[in-house]
Amino acid sequence: MSSIKQSLKNLGTRQPETLEWEGFKAQIQSSLDTYFLSHGARAEAYSPAFEQLWASMSKTTRGGKWMRPRLVFLTYSAFGGTDHQACGDLAAAFELLHAALLVHDDVIDRDFVRRGIATIGAEYRDVAAGLGHTADDADHAGYSAAIIAGDLLLTGSLRMAMAAAAGHRHCGAILETMHEAIFASAAGELDDLLFSLGGLRAEMPEVLNMERLKTAVYSFEMPLRAGALLAGESVATADALAAVGRDIGIAYQIIDDVLGTFGESTLTGKSVDSDLREGKRTILTTFAAGSLEFTSMAEAFRRGQVDTDALRTVLHQLGAPNFAVGLAESLVSDALDKAQQLDLPASLHAELSTLCNYVLTRSS
């Protein structure tokens, strides 16, 4: 850990970009508001219910960390980009994509709480329950509405990316970046599902690859790549920066695994039981899979003989959280080494330093 801290110190700490980012958030919010208002008005002509869905969807981009838009902005501005409208649209595109994937992920995980509040699915579940439908049918109604909303948000992310890239010399590469973010996320989600069913080999390399596809590509690699391309940097530079984001993103998801099992729901804004309940193959459970004690406990859990607290206790006793954190630290160290080898603007070096520190120390 000391070498990582030294690398962080060498890269510096975040200084001038904070105020610029805080001011630029208004530009991104303006892009999002314009998108939702225009489509909500259009939806009104189709049906009152469709208009209401758009009103509900507009809330999905509020209350989050806005990490992906921030990475687009910081990279774009560090490389000297000045078209705030285009950057705002591209940053908004990644936030819409994030919202879409979260809405669909809540369906996959059968969750009705996100960021500590009820999801779109919960809203329509409650409507169905209020009309007297059974709990199963009400859940189905909620999931169905969420799938529709996620599809619309996904389409919106592509539309916003197209608006940002229109007329740009890297237009094709920018749009391919967005498509890659979606393509990889779908691959990661599918592997995640099949791992939980026991339908695919799920050793440590496969699980790490799944976590990269599911999270790192769209959350770190592609926002950094897109920001560089929009600023006019070469594809080679954009790809090298994405490689830095890859290691940071996998580390981020590993820490997310730890928080998703051992964190506080009041801080994470989501259930700390869902990963275990759904049989998710995380770094924690993959590490413990070789233990007879854990496999026996997991089988007892599936039979309803023990609760999630018992599973958490075994994981902790086996050292799974410590292993996961150590792996995340190693990945962050690799990312910092790669960043040092690139000829990046000083402000971007500092931001990557801050990002690495955040990944390892976050609690939500």
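In this text the structure is predicted, and so the values were computed from the model without any measurement.

Engineer: Help me understand the overall build of the chain, please; the structure alone is not making it clear to me.
Structural biologist: When you go through the chain residue by residue, the secondary structure sums to 17 helices and two strands. For a compact globule of 364 residues, the expected C-alpha radius of gyration is about 21 Å, and the chain comes in at 21 Å, within 12% of that figure. Seen along its three principal axes, the alpha-carbon backbone of the chain occupies a region of about 60 × 60 × 35 Å. Considering only intrachain contacts with a sequence separation of at least 6, the fraction spanning at least 24 residues in the chain is 76%.

Engineer: How do you make sense of the packing of aromatic side chains when you look at a structure like this?
Structural biologist: To describe a pair of aromatic rings, one takes the distance between the centres and the angle between the planes. This model, assessed by the stated rule, comprises 10 aromatic pairs. With a centroid separation of 5.7 Å and an interplanar angle of 40°, the aromatic rings of Trp21 and Phe73 are classed as tilted. Of this pair, Trp21 sits in helix α2 (residues 17-44) while Phe73 sits in helix α4 (residues 67-78), and the two are 52 residues apart along the sequence. Among the aromatic residues, those joined into a ring-pair cluster are Tyr35, Phe36, Tyr46, Phe50 and Trp54. Above the ring of Phe112, the side-chain terminus of Arg125 is found at 4.4 Å from the ring centroid.

Engineer: Would you explain the packing of α4 against helix α5 (residues 84-109) in this entry?
Structural biologist: If you want to describe how two helices pack, look at the angle between their axes and the distance between the axes. Taken N-terminus to C-terminus, the directions of α4 and α5 make an angle of 155°; their axes are 8 Å apart at the nearest point. Here α5 runs roughly antiparallel to α4, going by the angle between their axes. Every pair of crossing elements has a handedness; the one defined by α4 and α5 is right-handed. Residues Arg68, Pro69, Val72, Phe73 and Tyr76 of α4 pack against Cys87, Leu90, Ala91, Phe94, Glu95 and His98 of α5. Residue composition of the contact of α4 with α5, grouped by class: eight nonpolar, one polar and two charged.

Engineer: I'm lost on the pattern of salt bridges in this one. Help?
Structural biologist: Pairing is possible between side chains that carry opposite charge, provided their charged atoms lie close to one another. With the rule as written, the count across this model stands at 17 salt bridges. Two residues, Glu351 and Arg70, come together in a salt bridge whose shortest N-O distance is 3.4 Å. Linking Glu351 in helix α17 (residues 346-361) with Arg70 in helix α4, this pair joins segments that are 281 residues apart in sequence. Arg70 shares its class with Glu351; the two are buried. The shortest N-O distance in the salt bridge between Glu206 and Arg201 comes to 2.9 Å. It is possible to trace a salt-bridge network through shared partners that takes in Asp109, Asp192, Lys214 and Lys280.

Engineer: Would you mind going over the environment of Ala226 with me for this structure?
Structural biologist: In this fold, Ala226 is placed in helix α9 (residues 204-230). Counting along the chain gives 84 residues from Ala226 to Ala310, while the straight-line C-alpha distance between them is 44 Å. Apart from the residues lying within four places of it in its own chain, the contact partners of Ala226 are Leu90, Phe94 and Thr177.

Engineer: Got a minute to help me understand the confidence of the model for the chain in this structure?
Structural biologist: Note: predicted coordinates in regions of low pLDDT should not be interpreted at a detailed level. Per-residue confidence for the chain gives a mean pLDDT of 91, with 94% of residues at or over 70. Counted against residues more than four places away or in other chains, residues 1-19, with its pLDDT under 50, gives 33 contacts.

Engineer: Is there a simple way to think about the packing of helix α10 (residues 235-262) against helix α16 (residues 320-341) in this case?
Structural biologist: Put simply, α10 and α16 touch, their axes get as near as 8 Å, and they point 160° apart. Taken together, the axis directions place α10 and α16 in an arrangement best described as roughly antiparallel. Our pair here, α10 against α16, has a crossing hand that is left-handed. Contact residues: α10 offers Ala243, Val244, Asp247, Ile248, Ile250, Ala251, Ile254, Ile255, Val258 and Phe262, while α16 offers Pro321, Ala324, Val325, Leu327, Ala328, Leu331, Val332, Asp334, Ala335, Lys338 and Ala339. Of the residues contributing to the contact of α10 with α16, the split by class is 18 nonpolar, no polar and three charged.

Engineer: Can you walk me through a nonpolar patch on the surface in this structure?
Structural biologist: Taken together, the side chains of Leu190, Leu193 and Leu197 make up a nonpolar region of the molecular surface, amounting to roughly 300 Å² of accessible area. With respect to the secondary-structure elements, Leu197 resides in helix α8 (residues 171-197). Residue class for Leu197 comes out exposed when judged on its relative accessible area of 64%.

Engineer: Explanation requested: helix α14 (residues 292-302) in the structure shown.
Structural biologist: Residues lying three or four places apart along an α-helix face the same way, a consequence of the helix completing one turn every 3.6 residues. Looking at α14, one finds that the buried residues are Phe294, Ala298, Ala300 and Phe301. Projected onto a plane normal to the axis of α14, the buried residues spread over an arc of 160° and lie on a single side. Where α14 is buried, its residues contact α12 (274-277), α13 (283-288) and α15 (308-318). Residue Ser291 occupies the N-cap position of α14, its side-chain oxygen lying 3.2 Å from the main-chain nitrogen of Glu293. Immediately beyond the C-terminal end of α14, within one or two residues, lies Gly304, with a positive phi of roughly 80°.

Rules used throughout
For every chain, the first residue of its written sequence is number 1, and the numbers climb from 1 along that sequence. Under the rules for a predicted model, residues below a pLDDT of 70 receive no local features and side-chain atom pairs below 80 are neither given nor counted, while totals for whole chains, interfaces and linings still include all residues. Side-chain figures throughout are based on the complete set of non-hydrogen atoms in the structure, without hydrogens or water. The way it works is that DSSP assigns letters per residue, a run of H or I at least four long becomes a helix, a run of E at least two long becomes a strand, and they are numbered from the N terminus. Our radius of gyration looks at C-alpha atoms and nothing else; its globule reference is 2.2 Å times the residue count to the power 0.38. What makes two residues a contact is simply this: any of their non-hydrogen atoms within 4.5 Å. Between 30 and 60 degrees the pair is tilted, below 30 it is stacked and above 60 it is edge-to-face, where a pair is any two Phe, Tyr or Trp rings, Trp via its six-membered ring, whose centres lie within 6.5 Å. Two thresholds decide whether a charge sits over a ring: the Lys NZ or Arg CZ must be within 6 Å of the ring centre and within 35 degrees of the ring normal. Axes, fitted as lines to C-alpha atoms, cover a helix only where it is in contact. Angles between the N-to-C directions of the axes lie from 0 to 180 degrees. Each angle receives one of four descriptions, namely roughly parallel if under 35 degrees, roughly antiparallel if over 145, roughly perpendicular if within 65 to 115, and oblique otherwise. Crossings are classed by handedness, with left-handed meaning an anticlockwise turn of the near helix from the far one by less than a right angle and right-handed meaning a clockwise turn. When residues are sorted by character, Ala, Val, Leu, Ile, Met, Phe, Trp, Tyr, Cys and Pro go into the nonpolar class, Asp, Glu, Lys and Arg into the charged class, and all the rest, Gly among them, into the polar class. Basic side-chain nitrogens of Lys or Arg form a salt bridge, by our definition, when they fall within 4 Å of a carboxyl oxygen of Asp or Glu. Exposure categories follow from relative accessible area, calculated using a 1.4 Å probe and restricted to protein chains: below 20% of the type maximum is buried, above 50% is exposed, and the middle band is partly exposed. pLDDT expresses how confident the predictor is about each individual residue, on a scale running from 0 to 100. Candidates for patches are residues over 30% relative accessible area with no salt bridge; among them, like charges are joined within 9 Å and nonpolar side chains (Val, Leu, Ile, Met, Phe, Trp, Tyr) within 5 Å. Every accessible area reported is derived by Shrake-Rupley at a probe size of 1.4 Å, with residue values counting cover from the shown protein chains alone. What the arc covers is the set of directions going from the helix axis to the C-beta atoms. For this analysis, a polar contact is any N or O atom pair within 3.5 Å, provided that within protein one partner can donate a hydrogen and the other can accept it, and provided that sequence-adjacent residues contribute only side-chain to side-chain pairs.

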